[in-house]
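Descriptive structure summary
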Amino acid sequence: MKILVTGGLGFIGSHTVVELQNEGFDVVVIDDLSNSSIEVLSGIEAITGKKPDFEQIDLRDKTAVQDFFEKYSDVSGIIHFAASKAVGESVENPLLYYENNIGSLVYLLQGLQAKPESHFIFSSSCTVYGQAEKMPITESAPIQAAMSPYGNTKQIGEEIIQDVAKVTGINSILLRYFNPVGAHESVNIGELPKGTPQNLVPFITQTAIGLREQLSVFGSDYPTPDGTCIRDYIHVVDLAKAHVTALKRLINKENKDKVEIFNLGTGKGSSVLEVINAFEKVSGQKLNYKIVDKRPGDITEAYADTERANNVLGWKAELSLEEALASAWKWEQKIRS
Ligand SMILES: NC(=O)c1ccc[n+]([C@@H]2O[C@H](COP(=O)([O-])OP(=O)(O)OC[C@H]3O[C@@H](n4cnc5c(N)ncnc54)[C@H](O)[C@@H]3O)[C@@H](O)[C@H]2O)c1
């Protein structure tokens, strides 16, 4: 059985390709390299001993996607990571986000729908919950109006998949990630943010290595114990493994509904200052940071209720924040050496 991983050279995609190949899956990757590098293929090979098949395709190109499904008629499952993901950029250029994140999804589902039975795993996000009223956040927490076009593409994406499931043989799992961090322990693959990092951990490691002068901590008067925002940081390798577990669930027909939803987090919230302290401890580096004004649009706290993922999906995050930060730091040192 061949599995298509879109965005398979990106941060989460590359770690997932590794876990899929480790479990014996035959993988073909589509990536347009808009936010990744072709060298990631060698990183995957260094870990697994095998390069996945690779097609450099822009998923916004409908004909190219159709040709792909003709060439790879044995693809019966897709893990769909490819998307644009910068929240700020999505506010500046919403149509780019709707075209890329929605257009690509539609073309992929069109490619799958002809098959009598197929599997689809979608990268969703905890952003769909906005500032949830209750912590930890369960999958039944209400979806809130999206705060950015990026967030909206995840909500619309989920709705499209729900609609399509009703009339096709496509079984889907929507995975709502909390905050993925870290790198593979071999440091053959990791996060490669282009330009200024949007996320805390790559900003921390780039500051520690001297690429950024200072880390800004946005706000210190949130209603949290130390006044900084709280998030649920999940090691990317744990996250990658959850995709394999979800795929097997669909293949083995263990899913109870045609579309199932799972939160993927650790269940533990960490504040920005806690992450900084943990980083300083594992790296031995003193971090140059400064508390600045709050950023508009930031929510106070978000961490996952993991009961459903643990008990229904049968997956649990195993790696700690410290392990994630240590691997991210090792990775940063490697790519800058
Ligand atoms: N990283 C996070 O914090 C986070 C959190 C929640 C959800 N997600 C979602 O998870 C998925 C993967 O995120 P990531 O952090 O690995 O991002 P990433 O940018 O590292 O990976 C995405 C990959 O998709 C490719 N891509 C983008 N548009 C494409 C197109 N039109 N055709 C072909 N390839 C294309 C990029 O080149 C990149 O390699 C995304 O859908 C993202 O929205 C990420």
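To keep things clear, this report deals only with the structure shown in the data block. Nothing here was measured: the structure is a model prediction, and the numbers come from that model.

Observations regarding the nonpolar core
Among the nonpolar cores identified, the biggest contains 37 residues, and Leu20, Ile121, Leu175, Leu264 and Trp315 are the most heavily contacted of them. Elements with a contribution of two residues or more to this core: strand S1 (2–6), helix H1 (11–22), strand S2 (26–30), helix H2 (40–48), strand S6 (170–177), helix H8 (236–251), strand S11 (259–264) and helix H10 (307–313). It is H8 that contributes the most residues to this core, eight residues altogether. Ile121 has contacts with Ile78, Ile79, His80, Ile173, Leu175, His243, Ala246, Leu247 and Leu250, leaving out every residue within four places of it along the chain. Membership of the second largest hydrophobic core comes to 27 residues, among which are Val28, Leu59, Phe68 and Ala165.

Looking at the site of the ligand
In the vicinity of the ligand there are 27 residues, among which Asp31, Asn35, Lys85, Asn100 and Tyr150 approach most closely. At 3.0 Å, a side-chain N or O of Asp58 approaches a nitrogen atom of the ligand. Within the side chain of Tyr150, one N or O atom sits 2.6 Å away from an oxygen atom of the ligand. Counting only elements with at least two residues in the shell around the ligand, the list comes to H1, strand S5 (118–125) and helix H6 (149–167). In terms of residue count, the dominant contributor to the shell around the ligand is S5 (three residues). Among the residues forming the shell around the ligand, the class breakdown is twelve nonpolar, ten polar and five charged.

Some details on unusual backbone geometry
Glycine aside, negative phi is the norm for most residues, and most peptide bonds take the trans geometry. Following Met135, the chain continues to Pro136 via a peptide bond in cis, the omega torsion being -15°. For Pro136, the location among the structural elements is in the loop between S5 and H6. The phi angle at Val187 is positive, at roughly 50°, despite the residue not being glycine. Relative to the helices and strands, Val187 is located in the loop between strand S7 (179–181) and helix H7 (200–208). In this structure, Lys253 is a non-glycine residue whose phi angle is positive, near 55°. Tracing the backbone through its elements, the reader meets Lys253 in the loop between H8 and S11.

Re the environment of Gly182
Here Gly182 is to be found in the loop between S7 and H7. Owing to a relative accessible area of 4%, Gly182 belongs among the buried residues under this scheme. Along the backbone, Gly182 and Glu322 are 140 residues apart, and their C-alpha atoms lie at a distance of 9.5 Å. Residues within four places of Gly182 in sequence aside, it is in contact with Phe11, Val236, Ala324, Ser327 and Ala328.

What to know about H8
Every α-helix winds through 3.6 residues per turn, so residues three or four apart in the chain are directed the same way. The first and last C-alpha atoms of H8 sit 23 Å apart over 16 residues, in line with the 22 Å expected at 1.5 Å per residue. The element H8 is extensively covered by neighbouring structure, given that twelve of its 16 residues are classed as buried. Within H8 the residues assigned to the buried category are Val236, Val237, Asp238, Leu239, Ala240, Ala242, His243, Val244, Ala246, Leu247, Arg249 and Leu250.

Quick look at the pairing of S2
Most of S2 is tucked away: four of the five residues are buried. Sheet topology note: the S1/S2 ladder contains five bridges and is parallel. Paired with Thr6 across the bridge in S2 is Ile30. At this point the chain moves from S1, through H1, to the parallel S2, and the crossover so formed is right-handed. Bridge count for S2 against strand S3 (residues 53–55) is three bridges, and the pairing is parallel. Bridging from a neighbouring strand, Val29 pairs with Phe54 of S3. Since S2 and S3 lie parallel, the crossover through H2 that links them has a hand, and here it is right-handed.

Analysis parameters
- Residues numbered from 1 in each chain as written.
- Predicted model: local features only at pLDDT ≥ 70, side-chain atom pairs only at ≥ 80, totals over all residues.
- Heavy atoms only, no water.
- Core = buried A, V, L, I, M, F, W, Y, C linked by side-chain atoms within 4.5 Å.
- Buried < 20%, exposed > 50% of the residue type's maximum accessible area, 1.4 Å probe, protein only.
- Helix = DSSP H or I, 4+ residues; strand = E, 2+ residues; numbered from the N terminus.
- Contact = heavy atoms within 4.5 Å.
- Near = heavy atom within 4 Å.
- Polar contact = N/O pair within 3.5 Å; in protein donor to acceptor, adjacent residues only side chain to side chain.
- Nonpolar A, V, L, I, M, F, W, Y, C, P; charged D, E, K, R; others polar.
- Expected span 1.5 Å × (residues − 1).
- Pairing = 2+ DSSP bridges.
- Right-handed = clockwise from strand over helix to strand, strands pointing away.

These values are about where atoms sit, not about what they do.
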